[in-house]
Amino acid sequence: MASPKLDRLLTAARITLGVIFTYAAFLKVSMSWLTFAASIDAYQILPDWSVTPLAQLLPWFELALGVLLVSGFAVRWIAPVVTLLLAGFFSAMVHAHMKGLDIDCGCFGPGEKIGSNTFLRDGTLVALALAVTVGSFLRGSPARHRLQ
Amino acid sequence: MNKPMLAILLLLVAGLAANTGAQNKTAPKSPSPPAKAEPFTMPPHASGSKDAPIVMEVWTDFECPHCKELYLRTLRRVIDDYCASGKVYLIHRDYPLPGHQHSREAARWASAAATVGKYEAVTEALFTAQETWSVSGSIEPVVATVLSPAELQKVKQVMSAHKEEIEAAIENDVFLGHEVQVTQTPTTKISQKGVTLSVSPGNFPYATLKSYLDSQLAK
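These remarks concern the structure in this document.

## Some remarks on the pattern of salt bridges
All names here are of chain B. As enumerated under the stated definition, the model contains 18 salt bridges over all chains in all. Between Glu131 and Lys68 there is a salt bridge whose closest N-O contact spans 2.9 Å. Pair noted here: Glu131 is in helix α5 (residues 130-136) and Lys68 is in helix α2 (residues 65-83), with a separation of 63 residues, a long-range link. With relative accessibility at 52%, the residue Glu131 sits in the exposed group. A salt bridge links Glu140 to Lys156, with the shortest nitrogen-to-oxygen separation between them at 3.0 Å. In this pair, Glu140 is assigned in helix α6 (residues 140-144) and Lys156 in helix α7 (residues 149-161), connecting sequence segments 16 residues apart. A residue is classified by how much of its surface remains accessible, and Glu140, at 30% relative accessible area, is partly exposed. Since its relative accessible area comes to 32%, Lys156 is described here as partly exposed. Residues joined by salt bridges that share partners form a network here, namely Arg104, Glu105, Arg108, Glu167 and Glu171.

And the structure:
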């Protein structure tokens, strides 16, 4: 069982993460999915056939995860998914950087190149998501977690 | 010869001379009028019909590797599959980036090639051989591979005679790019019935663009 102070910190971390996810998703959903497809393709990781479905579905998936994180529903299921997703984004950025690709991050729409700022921000988000995941298992079982 | 006779003779000679002069004046052998310089209009760098339901504008830089990839991987197929069938009007717009030493010169060659109807051929040749000329700066041999000697001569002539018009056309493309906030190349703007649907920087596979165009055409 985590201390009340840690509990409050983890709650703040979860809500912050949820708001950031919701905001990033909202930006992507509000633009043409073709624009996001260009961001995905720039990483040169995925096969051509997967770019379209991912560009169409990922923003909505992010939106759902963000809203669920903010609501605090099923955190033990949602937080690990968010952690894995963020770790995937971070790995993709590292891969692009190591390949010498001068590309947009695509995290919050176009226009932001991969660089120290994006690494710092996404690294922090991964750490935050990991903390929320671990914290969700250390916490007790309040009513809202009974579905977990 | 007496004086009156001499006077009459002089008058006749003067009259004849005057008449001849008058004839020269009324019917001069005028030189042919100077040939009027035909107003030069830059042919559009476009594929397909202007009446197509979807208009695609693509800002590219001839030295940009992503532009090469977009052109060779995606746009060529769009030209074949959508422009040829009248579904898409594809407009190529120049956006030579300041850091690229030869891209503006390449844009000039492509623009001039449009006057002999070889814009696409020259564009494709320039993108295909990008690694060569972008280093050497030797663009003419690349252009020459897709033009006949007569066409090459005409293109060179256009380049020297209409330098300012070509430059103005390139600058106009750059200006239009600024208007839609182009910050990198390639950038693709897609419009339908005058409404902008998307402005997407970067590259996308043909399958993705096809899926997008089909979904818009189905609406």
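After that view of the structure, there is still more to cover.
## Notes on the interface of chain A and chain B
With 14 residues of chain A at the contact, the number on the chain B side is 18 residues. Here chain A meets chain B over a buried area of about 1300 Å², counting both sides, of which 57% is carbon and sulfur. Counting the contacts that link chain A with chain B gives 2 salt bridges. Its salt-bridge partner being Asp41(A), residue Arg73(B) comes within 2.6 Å of it at the nearest N-O pair. Between chain A and chain B we count 4 residue pairs in polar contact (both at pLDDT 80 or more) in total. Looking at the side of chain A that touches chain B, the elements with two or more residues in it are α2 (33-42), α3 (48-71) and β2 (109-113) of chain A. Considering every element that reaches the side of chain A that touches chain B, the biggest residue donor is α2(A), with 6 residues. For the side of chain A that touches chain B, the per-class residue count stands at 6 nonpolar, 3 polar and 5 charged.

Definitions and cut-offs
For every chain, the first residue of its written sequence is number 1, and the numbers climb from 1 along that sequence. Each chain takes a letter, starting from A, and each ligand takes a number, starting from 1, following the order in which they are written. Only residues with pLDDT of 70 or above have their local features reported here, since the model is predicted, and side-chain atom pairs are shown and tallied only from 80 upward, although totals for entire chains, interfaces and linings are computed over all residues. Think of the side-chain values as coming from all heavy atoms in the structure, minus any hydrogens and water. The rule for a salt bridge is simple: a side-chain nitrogen of Lys or Arg has to be within 4 Å of a carboxyl oxygen of Asp or Glu. Labels follow the DSSP assignment, with helices taken as runs of H or I lasting at least four residues and strands as runs of E lasting at least two, numbered in each case from the N terminus. Three exposure classes are used, based on accessible area relative to the maximum for each residue type with a 1.4 Å probe and protein chains only: buried under 20%, partly exposed in between, and exposed over 50%. Any two residues whose heavy atoms approach within 4.5 Å are treated as being in contact. When two components associate, each loses some accessible surface as probed by a 1.4 Å sphere; the sum of these losses over both components is called the buried area. Whenever a nitrogen or oxygen atom comes within 3.5 Å of another N or O atom, the pair is scored as a polar contact, on the condition that within protein one atom can donate a hydrogen and the other can accept it, and that pairs from neighbouring residues in sequence are kept only if both atoms are in side chains. As a working rule, the residues Ala, Val, Leu, Ile, Met, Phe, Trp, Tyr, Cys and Pro are called nonpolar, Asp, Glu, Lys and Arg charged, and the rest polar, with Gly in that last group.

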